[in-house]
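Notes for the structure review
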Amino acid sequence: MHVRRLTGGLAAACVVSLSLLGGQVVAAPLDAADTPLAARVLTYDAGGSAEFRSAVDRGAAIWNESVDAVELRPANAGQRANIRVLADNGWPRALPTTLGNGTVYIGRQAVDQGYDTIRISAHELGHILGLPDRKPGPCSSLMSGSSAGTACTNPYPDAAEKAEVEGNFGGALVGRAPAAEAELIVD
């Protein structure tokens, strides 16, 4: 899972600044209410994705690297998955049932036409995460899908797409940690 810790440096800078000014600085542990809640975990079953299994796993990993509010994990044996991923001979598509649940088809028709399998996987998983198609669109937009052309192999969501998924699943992160990793108490 992708974790952002830009503010830890800010806390360290405050500690150094305060100690240089002669103030006493004590780091206090975070309260339990301030600790970040875990991302919403969605499981996927790629057992029916045939030759596209590694592309599906990479597409899920890209989402895990890109957003904090949700994490895609392979389902354990016998576990009912939120997302089923299947290979077929048609065009790739996603059939969401509810946010975070549904079926993804990695269609061989697009692959045979030259579209990138990892981009297809990440794009279709994006639909399950609540994103619509944005056609026509540039290659920098994952959800532009096939309108970006076969030369486009970018499997990463852009900033707006990441923000939308964070917003879709952000309710799972109520009570996230404040800006600093430790409270600063200045005497």
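Residues numbered from 1 in each chain as written. Predicted model: local features only at pLDDT ≥ 70, side-chain atom pairs only at ≥ 80, totals over all residues. Heavy atoms only, no water.

Bringing the sheet that holds strand S6 (residues 101–107) into the picture now. With respect to topology, five strands assemble into an open sheet ordered S3-S2-S4-S6-S5, the strand pairing being mixed. Both edges of this open sheet fall to strand S3 (70–74) and strand S5 (93–98), since each of them pairs with a single strand only. Averaged over all pairs of adjacent strands, the angle between strand axes in this sheet comes to 20 degrees, irrespective of strand direction. Running at roughly 170 degrees to strand S2 (residues 40–48), helix H2 (residues 53–66) makes contact with S2, S3, strand S4 (83–88) and S6 of the sheet. (Pairing = 2+ DSSP bridges. Helix = DSSP H or I, 4+ residues; strand = E, 2+ residues; numbered from the N terminus. Axes fitted to C-alpha atoms, helices over the stretch in contact; angles between N-to-C directions. Contact = heavy atoms within 4.5 Å.)

A few words on the nonpolar core. With 29 residues, the main nonpolar core has Trp63, Leu72, Ile83, Val104, Leu129 and Val165 as its most contacted residues. For this core, the secondary structure elements donating two or more residues are S2, H2, S3, S4, S6, helix H4 (117–128) and helix H5 (159–169). Ranked by the residues each element gives to this core, the list is headed by H4, at four residues. Ignoring sequence-local partners within four residues, the contact set of Trp63 consists of Leu72, Ala122, Leu125, Gly126, Leu129, Leu131, Leu142, Pro157 and Val165. (Core = buried A, V, L, I, M, F, W, Y, C linked by side-chain atoms within 4.5 Å. Buried < 20%, exposed > 50% of the residue type's maximum accessible area, 1.4 Å probe, protein only.)

So, on to the pairing of S3. In this structure, S2 lies alongside S3, joined through five bridges in parallel fashion. When the bridges of S3 are listed, Thr43 appears paired with Arg73. The β-α-β motif built from S2, the intervening H2 and the parallel element S3 has right-handed crossover chirality. (Right-handed = clockwise from strand over helix to strand, strands pointing away.)

Tallying each qualifying case throughout the model produces one aromatic pair. Here the basic side chain of Arg93 rests over the ring of Tyr105, its NZ or CZ set 4.1 Å away from the ring centre. (Phe/Tyr/Trp six-rings, centres within 6.5 Å; stacked < 30°, edge-to-face > 60°. Lys NZ or Arg CZ within 6 Å of the ring centre and 35° of its normal.)

The final tally for this structure, using the stated rule, is one disulfide. Paired by a disulfide, Cys139 and Cys152 hold their sulfur atoms 2.0 Å apart. An S-S torsion of about 85 degrees defines the bridge between Cys139 and Cys152 as right-handed. Placement of the pair is Cys139 in the loop between H4 and H5 and Cys152 in the loop between H4 and H5, with a sequence separation of 13 residues. (Disulfide = S-S within 2.5 Å.)

Right, let's get into the environment of Leu125. With respect to the helices and strands, the residue Leu125 is situated in helix H4. Note on Leu125: relative accessible area 4%, which makes it buried. Along the chain, Leu125 and Val56 lie 69 residues apart, while their C-alpha atoms are 8.7 Å from each other.

Let us now look at the pairing of S5. Two elements, S5 and S6, share five bridges in a ladder whose sense is antiparallel. Counterpart to Arg93 in the pairing with S6 is Tyr105. Connecting S5 to the antiparallel partner S6 that follows it, the hairpin turn spans two residues, and Gly100 within it adopts a positive phi of roughly 90 degrees.

Relative to the assigned elements, His123 resides in helix H4. For His123, the residues in contact, after removing those within four places along its chain, are Asp133, Leu142, Met143 and Gly145.

Residue Pro136 is reached from Lys135 by a cis peptide bond, and omega for that bond is -10 degrees. Along the polypeptide, Pro136 turns up in the loop between H4 and H5.

The next thing to look at is the confidence of the model for the protein. On average, residues of the protein score 81 in pLDDT, and 71% of them are at 70 or above. Note on residues 1–28: pLDDT is under 50 here. Beyond four places in sequence and across chains, it has 40 contacts. (pLDDT = per-residue confidence, 0-100.)

Attention now moves to the packing of H2 against H4. As a packed pair, H2 and H4 sit with axes 8 Å apart at the nearest point and diverge in direction by 55 degrees. One element, H2, and the other, H4, form an angle in the oblique class. At the point where H2 passes H4, the crossing takes the right-handed sense. Counting all contacts with H2, which are made through Ala55, Val56, Arg58, Gly59, Ala60, Ile62 and Trp63, the residues of H4 involved are Thr117, Ile118, Ser121, Ala122, Leu125 and Gly126. (Parallel < 35°, antiparallel > 145°, perpendicular 65-115°, else oblique. Left-handed = near helix turned anticlockwise from the far one by under 90°.)

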